[in-house]
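Results of the structural survey
Each chain, written out:
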Amino acid sequence: MVTKVVSPAVLVPLQEALACAYWYKDDLRAFLRSATGQPELIAQLDWGGGAYKRAIVRQLVTTLAENQHRYFDTLIALILATVEIDPAPLKRLDDGLTKYETATAALNVLRDLVEPYRAMRSEAEAAAQRRRIDQERAKREQALARETAELRAKFLAMHSQEPQARGYALEDLLNRLFTVYDINAKGPFRIQGEQIDGAFTFAGTDYLLEAKWQKELSTTADLSIFADKVRRKLDNTLGLFLSINGFQPNAIKLSGEGGRRVLLLTEGYDLQLVLDGRIRFDELLRRKREHAARTGEILLRAADILA
């Protein structure tokens with residue numbers, strides 16, 4: 001990979017522009033602190049009473065140029081900030097018009113050389129933005145992995161609980177799962193016996209949720225009752241039926257026949273694979289919806305997606 005560096009040809013014009021643009025060293029020091037974002041480095045320069053501005057500027061530019069592996073971005077920032085200087089305050093000094101014209105001429109020389117460094121800054125900013133996005137994504141994925149690991153342990157422990165306690169635990173698990181994936185649940189899900197009801201919005205579609213954790217497989221009657229409830233809502237509404245122990249084969253077949261499909265089915269093993277980190281919950285919902293829309297089949301198992 002080719003390492004980008006600032007050309008030596010721009011360094012002398014940079015020094016000349018800085019030395020001419022500010023008459024007082026305090027003004028120059030304030031500008032350099034702001035332009036470089038390196039107050040410690042600026043403080044290390046020789047600002048003693050007898051030091052000349054040109055010597056100070058040469059010391060700074062030389063340090064930046066000789067250490068571009070460390071200060072490349074700082075040097076680019078200094079160049080781009082310098083060409084934006086307005087030397088008009090020099091006019092108020094003795095022989096101010098001459099000082100102003102000298103500074104303007106020096107700045108114009110630098111401005112003629114600056115375009116490649118604007119492009120470098122744009123590339124650097126774009127790269128920095130990509131790094132920030134990647135870092136934020138990594139943090140979100142790490143947080144998601146931690147949350148799902150906790151929910152997985154909770155889900156495994158629920159299998160040995162009594163039905164009522166298990167129902168409340170499943171209610172809490174689903175609420176947390178939807179929160180983790182930033183899926184807009186319409187209030188907390190509520191349990192009634194061994195059944196949980198709720199609603200959420202995902203990918204622009206409103207869903208009713210029904211979840212059952214019972215010994216028996218969910219029946220045709222279970223699906224029909226829930227489908228009727230969904231059909232009483234607006235046309236954009238679908239239903240997600242989670243049956244931890246699965247569905248009777250005939251229930252799946254009959255519920256998928258005749259009329260508009262309004263249900264998507266999910267089993268406990270789907271949930272297990274989500275909590276194992278094998279598939280994202282939002283991806284599972286999206287794939288189920290796409291598969292049903294394309295084929296009319298209302299149950300697409302996570303294991304089949306992964307296979």
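The shown structure was predicted, so the numbers you read here are calculated from the model rather than taken from an experiment.

Let us look at the nonpolar core. Most often, soluble globular proteins keep nonpolar side chains buried together rather than apart. Ranked by internal contacts, the top residues of the largest apolar core, which has 42 residues, are Val-6, Leu-14, Phe-31, Leu-32, Leu-60 and Leu-78. A per-element tally of this core places helix α5 (residues 68–82) first, with seven residues. Listed in part, the 37 residues of the second largest apolar core include Met-158, Ile-183, Leu-271 and Ala-302.

Before going further, it helps to examine the pairing of strand β5 (residues 237–243). The element β5 is extensively covered by neighbouring structure, given that seven of its seven residues are classed as buried. Of the two faces of β5, the one holding Thr-237, Gly-239, Phe-241 and Ser-243 and the one holding Leu-238, Leu-240 and Leu-242 are both buried throughout. Examined bridge by bridge, strand β4 (residues 205–212) and β5 share seven bridges and lie parallel to one another. Counted as the bridge partner of Ala-211 is Leu-242 from β5. Where the polypeptide runs from β4 across helix α9 (residues 220–231) and back to β5, its parallel neighbour, the crossover connection is right-handed. Summarising the sheet, β5 and strand β6 (residues 263–267) pair through five bridges and their orientation is parallel. Looking across to β6, one finds that Gly-239 is bridged to Leu-263.

All right, on to the pattern of salt bridges then. Taken as a whole, this structure holds 18 salt bridges when the rule is applied. Here Arg-231 ties to Asp-228 by a salt bridge, and the two come within 3.8 Å at their closest N and O atoms. Separated by three residues within a single helix, Arg-231 and Asp-228 lie in helix α9, roughly one turn from each other. Of the residues examined, Asp-228 reaches a relative accessible area of 40% and is grouped as partly exposed. In this structure, Asp-270 engages Lys-288 in a salt bridge whose closest nitrogen and oxygen atoms are separated by 3.2 Å. Pair noted here: Asp-270 is in helix α11 (residues 268–275) and Lys-288 is in helix α12 (residues 281–295), with a separation of 18 residues, a long-range link. A single salt-bridge network, built from bridges that share partners, covers Glu-84, Glu-115 and Arg-118.

Our next topic: empty space enclosed by the protein. Across all of its chains, the model carries two cavities of 30 Å³ or more by this definition. For the largest cavity, the calculated volume is near 80 Å³. Lining the largest cavity are Leu-174, Phe-178, Leu-209, Leu-240, Leu-242, Thr-266, Asp-270, Leu-271, Val-274, Phe-281 and Leu-284. Put simply, the parts of the chain that give the lining of the largest cavity at least two residues each are α8 (163–180), β5, α11 and α12. Per element, the largest residue contribution to the lining of the largest cavity is three residues, and it comes from α11. Of the residues in the lining of the largest cavity, the class split is nine nonpolar, one polar and one charged.

With that out of the way, let us pick up the environment of Arg-121. Of note, Arg-121 is situated in helix α7 (residues 115–158). Under the relative-accessibility criterion, Arg-121 is labelled partly exposed at 23%. With near-sequence residues (within four places) excluded, Arg-121 lies in contact with Asp-73, Ile-76, Ala-77 and Leu-80.

Cut-offs applied
Residues numbered from 1 in each chain as written. Predicted model: local features only at pLDDT ≥ 70, side-chain atom pairs only at ≥ 80, totals over all residues. Heavy atoms only, no water. Core = buried A, V, L, I, M, F, W, Y, C linked by side-chain atoms within 4.5 Å. Buried < 20%, exposed > 50% of the residue type's maximum accessible area, 1.4 Å probe, protein only. Helix = DSSP H or I, 4+ residues; strand = E, 2+ residues; numbered from the N terminus. Pairing = 2+ DSSP bridges. Right-handed = clockwise from strand over helix to strand, strands pointing away. Salt bridge = Lys/Arg side-chain N within 4 Å of Asp/Glu carboxyl O. 1 Å grid on protein atoms, 1.4 Å probe; cavity = no way out; pocket = protein on both sides within 12 Å on 5 of 7 lines; lining within 4 Å. Points joined across faces, edges and corners; volume = space filled by probe spheres on them. Nonpolar A, V, L, I, M, F, W, Y, C, P; charged D, E, K, R; others polar. Contact = heavy atoms within 4.5 Å.

Shape descriptors only; they carry no functional weight alone.
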